[in-house]
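Single-letter residue listing:
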Amino acid sequence: MYHLGIDLGSSSVKVALVDADSGKKIISLHEPPNEMEIIAVNPDWAEQDPNMWWTHVCNAIKRVIKESDVNVSQIKNIGISYQMHGLVIVDKSGHPLRNSIIWCDSRAVNIGRKALEDLGETFCGEHMLNAPGNFTASKLKWVIDNEPERYKSTYKFMLPGDFIAYKLTGKMATTKNGLSEGILWDYKADEVATGLLDYYGIDKNLVPEIVENFTNQGSVNEQASKDTGLPLGAQVTYRSGDQPNNALSLNIFNPGEVAATGGTSGVVYAVSNNLKPQEISKVNHFAHVNYTKEEPIIGTLLNINGAGIQYRWLRNNCGNDSYETMNTKASEVEVGSNGVVIIPFGNGAERMLENKNVGTHILNLNLNSHGNAHLYRASLEGIAFSFVYGVEILKKDIGDIKVIRAGNDNLFRSEIFANTVATLINHDIEIYNTTGAVGAARAAGLTDGNFDKFGENITNNDHVMTYTPLENNAPYETAYESWKNELEMILKHK
Ligand SMILES: Nc1ncnc2c1ncn2[C@@H]1O[C@H](COP(=O)(O)OP(=O)(O)O)[C@@H](O)[C@H]1O
Ligand SMILES: O=C(CO)[C@@H](O)[C@H](O)COP(=O)(O)O
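Conventions we followed
Residues numbered from 1 in each chain as written. Chains lettered and ligands numbered in written order. Predicted model: local features only at pLDDT ≥ 70, side-chain atom pairs only at ≥ 80, totals over all residues. Heavy atoms only, no water. Pairing = 2+ DSSP bridges. Helix = DSSP H or I, 4+ residues; strand = E, 2+ residues; numbered from the N terminus. Axes fitted to C-alpha atoms, helices over the stretch in contact; angles between N-to-C directions. Contact = heavy atoms within 4.5 Å. Near = heavy atom within 4 Å. Polar contact = N/O pair within 3.5 Å; in protein donor to acceptor, adjacent residues only side chain to side chain. Areas by Shrake-Rupley, 256 points an atom, 1.4 Å probe, with all protein chains shown as cover. Nonpolar A, V, L, I, M, F, W, Y, C, P; charged D, E, K, R; others polar. Domains from an automatic or database assignment.

**Quick notes on the sheet that holds strand β17 (residues 298-304)**
Reading across the sheet, the seven strands line up as β16-β17-β15-β14-β20-β21-β22 and stay open at both edges, with mixed pairing between neighbours. Unpaired on one side and paired on the other, β16 (284-287) and β22 (463-467) mark the two borders of the sheet. Taking each pair of neighbouring strands and ignoring which way they run, the sheet shows an average axis angle of 30°. Judged from the four bridges that link them, strand β14 (residues 257-262) and strand β20 (residues 403-407) form a sheet pairing that is parallel. Looking at the pairing, E257 lines up with V403 of β20. On the sheet, helix α14 (residues 415-425) packs against β20, β21 (429-432) and β22 and is oriented at approximately 55° with respect to β22.

**A short note on the site of ligand 2**
As a matter of local geometry, ligand 2 sits amid 14 residues, with S10, H85, D242, S265 and R351 nearest to it. Between ligand 2 and S265 there is a distance of 2.7 Å, counted from an oxygen atom to a side-chain nitrogen or oxygen. R351 is positioned with one of its side-chain polar atoms (N or O) 2.7 Å from an oxygen atom of ligand 2. Contact with the protein chains hides 94% of the accessible area of ligand 2, taken as 370 Å² for the molecule alone. Elements with a minimum of two residues in the shell around ligand 2: α10 (242-249) and β17.

**Regarding the site of ligand 1**
Close contacts around ligand 1 come from 18 residues, with S11, K14, T264, G308 and N410 the closest. Between ligand 1 and K14, the relevant distance is 2.9 Å, taken from an oxygen atom to a side-chain nitrogen or oxygen of the residue. The backbone of G308 places a nitrogen or oxygen atom 2.8 Å from an oxygen atom of ligand 1. Protein coverage of the free-state accessible area of ligand 1, which is 580 Å², stands at 90%. At the level of elements, α11 (308-317) and α12 (323-331) are the ones that each hand at least two residues to the shell around ligand 1. By residue class, the composition of the shell around ligand 1 is three nonpolar, 10 polar and five charged. Both of domain 1 (2-250) and domain 2 (304-433 + 461-492) provide at least three residues apiece to the shell around ligand 1.

Here you go:
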């Protein structure tokens, strides 16, 4: 028997197949071969077409079936991980009424600011654990204000992963953890956050049915079976935002445990049971995949919108080297990139910078002595420094860190990046041979609720190495200080 995992990222869709008993990966691949486009009609906007996601999901699943050559009838459960906080609105027949307004789209920042002012920090903190910010509910309010005709035709709103589950099963549904991503879960009342819905004037009937994780959320229907090649009746049993899912993939379930990743965005995600956060804007708090009212496990999330997307920009605009070649070239330059400083960001409003949109800055470039290798190193360092800067903020809100884990994926494939973060936060980073798609496939089999066995398998089989803080940390500290000075100067004028 096999389980299938889908990870809908911002840059590509990854699909993995695992053996149901051992959790071993059979195959994993991504579509499209080149990364997906993010459409920005206005500078602060970011949209993607939900039907484009579905096309890539179908292509990736068809390839997985063909290339693995497994008996397709043996694929039982499906898990879905997805880019968080996006808004998909559909009509009664399930057609998207517009492109998805995705997580890094900043058009709703001012709507969220005003809501926080009007509702107050205490109300938002106690009920939703977060300021409304620039998340799904605020994005939907933007549609109400700016596209009233579309709002009128809206039958349900969904998150990106809910839309994929809908295309697979024909059932429009979401989860509590999904609603929490949109700032639409009231932790105090243990129900949909009617306080915010009412304030924004969002019709409660637009909230889809709530389904539970690790149970049957719907079965692959005839159309989806035709589109993907999956067997009729295979069950969707799990869906989660990609950051809680990354944590699950790394066996991060308990207070003090921390997961990190460096995809398009960079994230540090710390698990806690704190329902009284100190900070409700710069870091965010979402229901973890194992959240229940009785045992409220919360993920405290530090997000950097413009992380790996910057390294990708350099790849696309500085000679099209592969990421591996870029990493090798960067390693030929000393720590500190010979004075070149790159401030990352440039992918929408940065939550940890009070939703300011600072843009990417390349500083101190000397046209006679610097080449693309300096830019590559400065980019990896700049992104790593932004993680360190963020962890300083995050630490105010979480207790002691027991363990930090990351997959051997995306930016964590770069030694420069991982060493810089580990050295400056002065903590080991354990690297595991896993990905979000593999984690989602494994989670699809977690219907027995045995989290301990699930976690043991990961810890015993997947640990590949640990980055320990480097002893000679002085050059890293010096480079970080000058990066921070430059950032603070920029922030003064924003
Ligand atoms: N070998 C590598 N070394 C360093 N960074 C890499 C490497 N491969 C990919 N990346 C980074 O990872 C990003 C893609 O990460 P991914 O997790 O697939 O993103 P998403 O989930 O947003 O689609 C790329 O944009 C790039 O910045
Ligand atoms: O907004 C967040 C987390 O709060 C982002 O992490 C998105 O979930 C997008 O993830 P990637 O596409 O970068 O994986």
